[in-house]
Amino acid sequence: MPIEDRDDAHVITHALAKDTLSKLRDKHTEQVAFRKGLVKLGRIAGYEVIDGAMETEYVSIETPLTETTGERVKGLDDVVIINVLRAATPFVEGLLKAFPRAKQGVISAGRDEEAGMNENGEFPITVDYVKLPDIREEDTVIVADPMLATGSTMCTVLDAVLEDQPDPENLFVLSAVSAPDGLLRVSEQFPEADLLTVSIDDHLDENGYIIPGLGDAGDRAFRTN
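Residues numbered from 1 in each chain as written. Predicted model: local features only at pLDDT ≥ 70, side-chain atom pairs only at ≥ 80, totals over all residues. Heavy atoms only, no water.

An unreviewed UniProt entry lists the protein chain under the name Uracil phosphoribosyltransferase, with Halarchaeum grantii given as the organism. Word for word, the UniProt comment on the protein chain under Pathway (unreviewed entry) is "Pyrimidine metabolism; UMP biosynthesis via salvage pathway; UMP from uracil: step 1/1." (UniProt positions renumbered as here; feature names shortened; annotations may be inferred.)

J.: I tried to follow the UniProt feature "binding site: GTP" (unreviewed entry) in the protein chain on my own but got confused; where do I start?
T.: As recorded in UniProt, the feature "binding site: GTP" (unreviewed entry) lies at Lys36, Gly37, Leu38, Val39 and Lys40. In this fold, Leu38 is placed in helix H2 (residues 31-53). Leu38 sits in the buried class, given a relative accessible area of 0%. Every residue in contact with Leu38, bar those within four places of it in the chain, is listed here: Leu24, Ala87, Pro90, Phe91, Pro146 and Ala221. Tracing the backbone through its elements, the reader meets Lys40 in helix H2. (Helix = DSSP H or I, 4+ residues; strand = E, 2+ residues; numbered from the N terminus. Buried < 20%, exposed > 50% of the residue type's maximum accessible area, 1.4 Å probe, protein only. Contact = heavy atoms within 4.5 Å.)

J.: In this structure, what is going on with the nonpolar core? I would like to understand it.
T.: Counting 38 residues, the largest nonpolar core has Ile12, Phe99, Ile142 and Leu174 as the members making the most contacts within it. Elements supplying a minimum of two residues to this core: helix H1 (15-25), H2, strand E5 (79-85), helix H3 (88-98), strand E8 (140-144), strand E10 (170-178), strand E11 (194-200) and helix H6 (217-222). Top element by residues in this core is H2. It accounts for 7 residues. Filtering out sequence-adjacent residues up to four positions away, Leu174 remains in contact with Ile12, Ala45, Phe91, Leu95, Ile142, Val143, Ala144, Asp145 and Leu196. Among the nonpolar cores identified, the runner-up in size contains 23 residues, and Ile82, Val157, Leu158 and Leu162 belong to it. (Core = buried A, V, L, I, M, F, W, Y, C linked by side-chain atoms within 4.5 Å.)

J.: I would appreciate a short explanation of the pairing of E11 in the present structure.
T.: Side-chain direction in a regular strand flips from residue to residue, so the side chains alternate between the two faces of the sheet. Of all the 7 residues making up E11, 5 are buried; the element is thus mostly covered by neighbouring parts of the structure. One ladder, built from 2 bridges, connects strand E2 (residues 10-12) with E11; its direction is parallel. By the bridge assignment for E11, His10 is matched with Leu196. Both E10 and E11 contribute to a ladder of 6 bridges, which runs parallel. Each residue of the ladder has a partner; that of Leu174, found in E11, is Leu196. (Pairing = 2+ DSSP bridges.)

Written out as structure tokens, the structure is:
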């Protein structure tokens, strides 16, 4: 299984994931290719979640010639995907190729860039919109955001997701690139969450941006800058 355990996270080491991430990092990758790359990365990550966290069961199958035994993945109907607007939208599109019957939730949350980071490395977070399905104990919940920087946004999102809900069987925080500071903050505040990323990057700069990172994934995907 191409997932490697690190101190505060699990890193997807699939060759196609790394290849796709390299193209996303390239500043010369234009909007359409960038957005398609996020879709592809989401699909690969979804397959890795299936392979690494979901059980299979044996089933009887009748082929055109005879009866045989096959395997099917259990729990594919018990998946909830949370889209952290807006950069996660193409990322989630890819996840839905792996989990086409997943329930979906949407949270619009973003950090106050003008306020800047406080002395603890956190940003104030504004939540504009929340629409979530009910979560059950047997569900696998995937909270997707391509960038996990300081962890301020993700911690706010997880507070909203888990409020007045039962603890799901599996809870994943999925990102394309992550900063060590953000991984540490989320793991300390939500130890029940499995943090899954394609890359743990070097550090955050003085403005809270991931280095080397991707740039602003939302702006690059939607051409808003």
